[in-house]
Amino acid sequence: MLKFLLIISFFQILSHTLHSQNWTEKNIAVFDEFKDFEFLLEGKNDTTYIVNFWATWCGPCVKELPYFEELHSTYKEPIIILLVSLDFKKHLDKKVVPFLNKHNIQSDVVLLEDGRANDWIDKVDPSWSGAIPITMIYKDGEKKFFEQEFHSTEELIEAIGSVK
Amino acid sequence: MKNSFASFFAIGALLPALFLIFGQTHGGYHVGDTVADFTLKSTSGNYVSLSDYKDAKGYIVTFTCNHCPYAIMYEDRFVELHNKYAPMGYPVIAINPNDPAVKPEDSFDNMAVRAAEKSFPFVYLFDDQQKLFPVFGATKTPHIYLLDGDMKVRYIGALDDSPKDPDAVEVKYVENAIAAIEAGEKIDPETTKAIGCSIKVADK
């Protein structure tokens, strides 16, 4: 009996590590106020850092996510990718979590709930109109803002290369 | 008369379109600019121009659509806005700028369905071939341009400061701007920003 239980638990552990991260609302930080979130918009030493604003309801955002995900396997240098969801907090459980699991998202994800966008849109970037998707790329102490949809991983890598 | 409008309109559309093609998104009207009149088809089947509103003291030009959750959250507020301000001379003029080939939910027929479902008291116009929104410089839905009686742009941006929760609204930007126009006072803020859905244009 004990041996049987050990084998079962071994396979459970194995399958858990073979499958990618299982998303639950517990691994998604929710920021009600931009001031608490702002620290995430700072570059990191020695690591390329990408912040993408998206939402499950945003078609172009969803379409370009795979290209960001692919960077984890194709980008040769250390990279951290943060996907900032503008979905509504009340949809975290029903929409965001299932989406992340279905698409096997490897990047980090947080949710920004702060509804007073006029107060913080300019703090993300003064040229941002408020439409999503947008992407910030931080590299070698520089930051570049992209208000556009990316159509391929190559296009993204090119964008990273353009940050000087 | 119609011909000069048409050619003025065509020139007005070409320049901002060039701006957009070359990647700049700051073309379009700014506060203080005078808007060129336009004619678009409404869900009622009629063609509508700003000049049709003979008694208008202003126009609440509202780029909006069927599919965008942010636009949907504002629908009831747009209805209330029109019901309150159209009798005062400030009609809402809703315009869908999206390409139905990219977003079928935003087709002309679906617009008519939505207008009927929600009993829109305002016109809901279709920016056929997407020629008008680049002239304005609209970048998303919803995106509001408040014009005065001379068709001069007086305010650009969001309706209020709380898209997600109508009960949490603290500042009603458009209503305040209309009150300022009526009182001959300065509008502040003249522009605001808000989250919205990008305008859907087919990839070339």
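Right above here is the structure, for reference.
Nothing here was measured: the structure is a model prediction, and the numbers come from that model.

**Q** Break down the overall build of chain B for me, citing the residues and quoting the values.
**A** Secondary structure summary: chain B contains five helices and nine strands in total. Traced from its N-terminal end to its C-terminal end, chain B shows the element sequence α-β-β-β-α-β-α-β-α-β-β-β-α-β. Looking at chain B as a whole, 40% of its 204 residues are labelled buried. Of the contacts formed within chain B by residues at least 6 apart in sequence, a portion of 75% connects residues at least 24 apart.

**Q** Now, about the pairing of strand β7 (residues 143–148) of chain B: what can you tell me, with residues and values included?
**A** Residues and elements named next belong to chain B. Within β7, six of the six residues are buried, which leaves it mostly tucked inside the rest of the structure. The side-chain alternation of β7 yields two buried faces, one formed by His 143, Tyr 145 and Leu 147 and the other by Ile 144, Leu 146 and Asp 148. When strand β3 (residues 58–63) meets β7, the two strands line up antiparallel, connected through six bridges. Note on β7: the bridge partner recorded for Phe 63 is His 143.

**Q** Explain unusual backbone geometry to me, using residue names and the numbers behind them.
**A** Here the bond from Thr 141 of chain B into Pro 142 of chain B is cis, since omega is -10°, no more than 30 degrees from zero. Turning to its location among the elements, Pro 142 of chain B is positioned in the loop between β6 (140–141) and β7. Cis geometry marks the peptide bond from Asp 188 of chain B to Pro 189 of chain B, where omega comes out at 5°. Notably, Asp 140 of chain A is not glycine yet its phi reads approximately 50°, a positive angle. Relative to the assigned elements, Asp 140 of chain A resides in the loop between β6 (134–139) and β7 (142–146). Phi is positive for Ser 119 of chain B, which is not a glycine, with a value near 50°. With respect to the secondary-structure elements, Ser 119 of chain B resides in the loop between α3 (108–117) and β5 (123–126). What makes Ser 119 of chain B exposed here is the crowd of 7 C-beta atoms within 10 Å.

**Q** Before we move on, could you go through the interface of chain B and chain A and cite the residues and values that matter?
**A** Across the boundary between the two partners, chain B contributes 18 residues, which contact 16 residues of chain A. Considering each element in turn, the side of chain B that touches chain A owes the most residues, three residues, to strand β9 (residues 196–198) of chain B. Considering only residue class, the side of chain B that touches chain A consists of seven nonpolar, six polar and five charged. Here strand β5 (residues 131–132) of chain A pairs with β9 of chain B via two bridges, running parallel. In the sheet register, Ile 132 of chain A faces β9 of chain B, and the bridge partner there is Cys 197 of chain B.

Quick notes on the rules
- Residues numbered from 1 in each chain as written.
- Chains lettered and ligands numbered in written order.
- Predicted model: local features only at pLDDT ≥ 70, side-chain atom pairs only at ≥ 80, totals over all residues.
- Helix = DSSP H or I, 4+ residues; strand = E, 2+ residues; numbered from the N terminus.
- Buried ≥ 20, exposed ≤ 12 C-beta atoms within 10 Å, placed from the backbone.
- Contact = placed C-beta atoms within 7 Å.
- Pairing = 2+ DSSP bridges.
- Nonpolar A, V, L, I, M, F, W, Y, C, P; charged D, E, K, R; others polar.

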